[in-house]
There are 2 protein chains.
Amino acid sequence: MQQENPWKTLSKKIVYENPWIKIHEDKVIQPQGGEGIYGYMESRDSVQIVVANENDEIYFIYTYSYPSASWNWELPGGGSDGEEAIEASKRELAEETGIIARNWTKLGCTRVCNGLMTEHQVTYLARGLNMGDRAESDDEKLVSEGRFFSWQQIQEMVAAGEINDNQTLTSLFLYDHWTKKQE
Amino acid sequence: MQQENPWKTLSKKIVYENPWIKIHEDKVIQPQGGEGIYGYMESRDSVQIVVANENDEIYFIYTYSYPSASWNWELPGGGSDGEEAIEASKRELAEETGIIARNWTKLGCTRVCNGLMTEHQVTYLARGLNMGDRAESDDEKLVSEGRFFSWQQIQEMVAAGEINDNQTLTSLFLYDHWTKKQE
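Everything in this summary refers to the structure shown in the same document. Please read all numbers here as calculations on a predicted model, not as lab measurements.

## So, unusual backbone geometry
With the exception of glycine, most residues fall at negative phi, and the peptide bonds are largely trans.
Residue and element names in this part refer to chain A.
Reasoning step 1: One non-glycine residue, D56, lies in the positive phi region at around 60 degrees.
Reasoning step 2: Among the secondary structure elements, D56 is positioned in the loop between β4 (46–51) and β5 (58–65).
Reasoning step 3: Of note, A69 is a non-glycine position whose phi angle comes to about 55 degrees, a positive value.
Reasoning step 4: Counting through the fold element by element, A69 comes out in the loop between β5 and β6 (70–74).

Here it is in structure tokens:
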């Protein structure tokens, strides 16, 4: 049931950019008919990795979010460097955790914030794990610790607000959904 | 296990703003020690509403995302106008769907994109429904249709990529989690 684009774009410009993001401001005719602007962020598409061990426990990292000014438990992941999502996932996983996985399953492709961003997120399930040492990384995201949690523990952490990142929660939803389809 | 902020902020500036977003560029000392910048978007905190009827079906709207240039099934919701999240939820629900709900339950507060945004999202469950007519709305988000879907239908739409918005998927995860705790 795809329909027509209800917006008309009159002109486009980039009002800010740095190596990670571009900010667009388009001049538009709104669906309601008035003239206005639409500002949004373009960023590299990203990956999230659900790392599951043989007991179906999931691996989380404890990282600092600069915009939120807080430490949080999240799934490994990050922005693509322009490579394919599967390659980005393997690289991010190695950089952030040192883990090498033999089996990769794509769980879905979703949109991070569809009102204000262009970014898509691909979620992979990684299994068949070889736990390595975390490499020295220049990643902008500092990881202080990594740990497996059971699904029961994850549910308690979500209820307590200790896991509260949409990108992580979306990937957990896709994983839960995928798991139930296998039963 | 809160720890110290590993970043040092040297200075802050706003490099772009419009009525909906502000783009920040902070000059920082990175965790690894080098000097650099961190750019991120400040936007109004938002709400998402899981509207459930007596058959536990969930209400979705079909809306157009300008940054994604696509029509999508999503939960009702949007940016706060500065009011409390519960008031924003009631207003957004009425504007986008015409529905009035008697019972409201807060399901969680999450972070929309913690690497690039400051935005928090509050998810509410709305029950005890009075289905009204959709008001004429100046909302920037055009809604073409609204419809209830069963959990089974939702799972099929997620698998098919027809529901692929992180904000919606996060709220569905919180709802599923909350529902299981009630059993």
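## Details of the interface of chain B and chain A
Reasoning step 1: Every contact between the two is made by 73 residues of chain B and, on the other side, 73 residues of chain A.
Reasoning step 2: Summing both partners gives a buried area of about 6,400 Å² for chain B against chain A, and 59% of it is carried by carbon and sulfur.
Reasoning step 3: Sorting the residues of chain B by area buried against chain A places Y66, R111 and F173 of chain B first, and these three jointly supply 14% of that buried surface.
Reasoning step 4: On inspection of chain B and its partner chain A, the count reaches 0 salt bridges.
Reasoning step 5: The tally of links from chain B across to chain A stands at 33 residue pairs in polar contact (both at pLDDT 80 or more).

## Notes on the relation of the copies chain B and chain A
Reasoning step 1: In the superposition of chain B on chain A (RMSD 0.0 Å, axial shift 0.0 Å), the rotation amounts to 180 degrees. These values place the two chain copies in the arrangement generated by a two-fold rotation axis.
Reasoning step 2: When the interface residues of chain B are mapped onto chain A, 100% of them again fall at the interface, so both copies present the same face.

## Quick look at the nonpolar core
Reasoning step 1: F60 of chain A together with F60 of chain B are the most contacted members of the largest nonpolar core, which has 54 residues in total.
Reasoning step 2: When near neighbours in sequence (up to four residues on either side) are disregarded, F60 of chain B contacts W73, E74, L75, E145, G146, R147, F149, I154, I163, T168 and L172 of chain B.
Reasoning step 3: Of all hydrophobic cores here, the second largest spans 16 residues; its members include Y16, C113 and L116 of chain A together with V112 of chain B.

## Description of the packing of helix α2 (residues 151–159) of chain A against helix α3 (residues 166–182) of chain B
Reasoning step 1: Running from N to C, α2 of chain A and α3 of chain B point in directions that differ by 105 degrees, and their axes come no closer than 11 Å. Relative to α3 of chain B, the element α2 of chain A is oriented roughly perpendicular. Two secondary-structure elements touch here, α2 of chain A through W151, Q155, V158 and A159 of chain A and α3 of chain B through F173, L174, H177 and K181 of chain B.
Reasoning step 2: Classifying every residue of the contact of α2 of chain A with α3 of chain B by side-chain character gives 5 nonpolar, 2 polar and 1 charged.

## Digging into the side chain of D165 of chain A
Reasoning step 1: Among the secondary structure elements, D165 of chain A is positioned in the loop between α2 and α3 (166–182).
Reasoning step 2: Summary of buried charges: D165 of chain A has no salt-bridge partner, and the nearest side chain of opposite charge, R111 of chain B, is 5.2 Å away.
Reasoning step 3: Within the local environment of D165 of chain A, its side chain forms a polar contact with the side chain of N114 of chain B, the two groups lying 3.3 Å apart.
Reasoning step 4: Excluding residues that lie within four positions of it along the chain, D165 of chain A makes contacts with E74 of chain A together with R111 and N114 of chain B.

## A closer look at the packing of aromatic side chains
Residue and element names in this part refer to chain B.
Reasoning step 1: A complete count under the given rule lists 28 aromatic pairs over all chains for this structure.
Reasoning step 2: When the centroid spacing of 5.8 Å and the interplanar angle of 65 degrees are considered together, the rings of F60 and F149 count as edge-to-face. Of this pair, F60 sits in strand β5 (residues 58–65) while F149 sits in strand β10 (residues 143–149), and the two are 89 residues apart along the sequence.
Reasoning step 3: Taking relative accessible area as the criterion, F60 reaches 0% and is therefore assigned buried.
Reasoning step 4: Aromatic side chains W151 and Y175 sit 5.9 Å apart centroid to centroid with 50 degrees between the ring planes, which places their arrangement in the tilted category.

## Points about helix α1 (residues 85–97) of chain A
Residue and element names in this part refer to chain A.
Reasoning step 1: Here α1 contains 13 residues, and its C-alpha end-to-end distance of 18 Å stays within 8% of the 18 Å for a straight helix at 1.5 Å per residue.
Reasoning step 2: Of all the residues in α1, the buried ones are A88, S89, R91, E92, L93, E96 and T97.
Reasoning step 3: Where α1 is buried, its residues contact β4, β5, β7 (77–79), β8 (99–111), β9 (120–131) and β10 (143–149).
Reasoning step 4: G98, located one to two residues past α1, shows a positive phi value of around 80 degrees.

## Some points on the pattern of salt bridges
Reasoning step 1: One pass over the structure, following the stated rule, counts 20 salt bridges over all chains.
Reasoning step 2: The salt bridge involving K27 of chain A is made with E35 of chain A; its shortest N-O contact spans 3.8 Å.
Reasoning step 3: Across the pair E25 of chain B and K13 of chain B runs a salt bridge, and its minimum N-O distance is 3.8 Å. With a gap of 12 residues between them, E25 of chain B in strand β2 (residues 21–29) and K13 of chain B in strand β1 (residues 8–17) connect regions that are remote in the sequence.
Reasoning step 4: Exposure remark for E25 of chain B: the relative accessible area of 16% places this residue in the buried category.
Reasoning step 5: The class for K13 of chain B is partly exposed, based on a relative accessible area of 47%.
Reasoning step 6: By sharing partners, the salt bridges in this structure join R44, D81, E83, R91, E92 and E95 of chain A into a single network.

## Points about the sheet that holds strand β3 (residues 35–43) of chain B
All names here are of chain B.
Reasoning step 1: Strand order in the open sheet formed by 3 strands is β1-β2-β3, and the pairing between neighbours is antiparallel. Two strands close off the open sheet at either side, each with one partner strand: β1 and β3. Taking each pair of neighbouring strands and ignoring which way they run, the sheet shows an average axis angle of 25 degrees.

## Notes on the side chain of S171 of chain B
Reasoning step 1: Tracing the backbone shows S171 of chain B in helix α3.
Reasoning step 2: Among the polar contacts made by the side chain of S171 of chain B, one reaches the side chain of T123 of chain B at a distance of 2.8 Å.

The rules behind the values
- Residues numbered from 1 in each chain as written.
- Chains lettered and ligands numbered in written order.
- Predicted model: local features only at pLDDT ≥ 70, side-chain atom pairs only at ≥ 80, totals over all residues.
- Heavy atoms only, no water.
- Helix = DSSP H or I, 4+ residues; strand = E, 2+ residues; numbered from the N terminus.
- Contact = heavy atoms within 4.5 Å.
- Buried area = accessible area lost by both parts, 1.4 Å probe.
- Salt bridge = Lys/Arg side-chain N within 4 Å of Asp/Glu carboxyl O.
- Polar contact = N/O pair within 3.5 Å; in protein donor to acceptor, adjacent residues only side chain to side chain.
- Least-squares fit on C-alpha atoms with pLDDT ≥ 70 in both.
- Core = buried A, V, L, I, M, F, W, Y, C linked by side-chain atoms within 4.5 Å.
- Buried < 20%, exposed > 50% of the residue type's maximum accessible area, 1.4 Å probe, protein only.
- Axes fitted to C-alpha atoms, helices over the stretch in contact; angles between N-to-C directions.
- Parallel < 35°, antiparallel > 145°, perpendicular 65-115°, else oblique.
- Nonpolar A, V, L, I, M, F, W, Y, C, P; charged D, E, K, R; others polar.
- Lys, Arg positive; Asp, Glu negative; His and termini not counted.
- Phe/Tyr/Trp six-rings, centres within 6.5 Å; stacked < 30°, edge-to-face > 60°.
- Expected span 1.5 Å × (residues − 1).
- Pairing = 2+ DSSP bridges.

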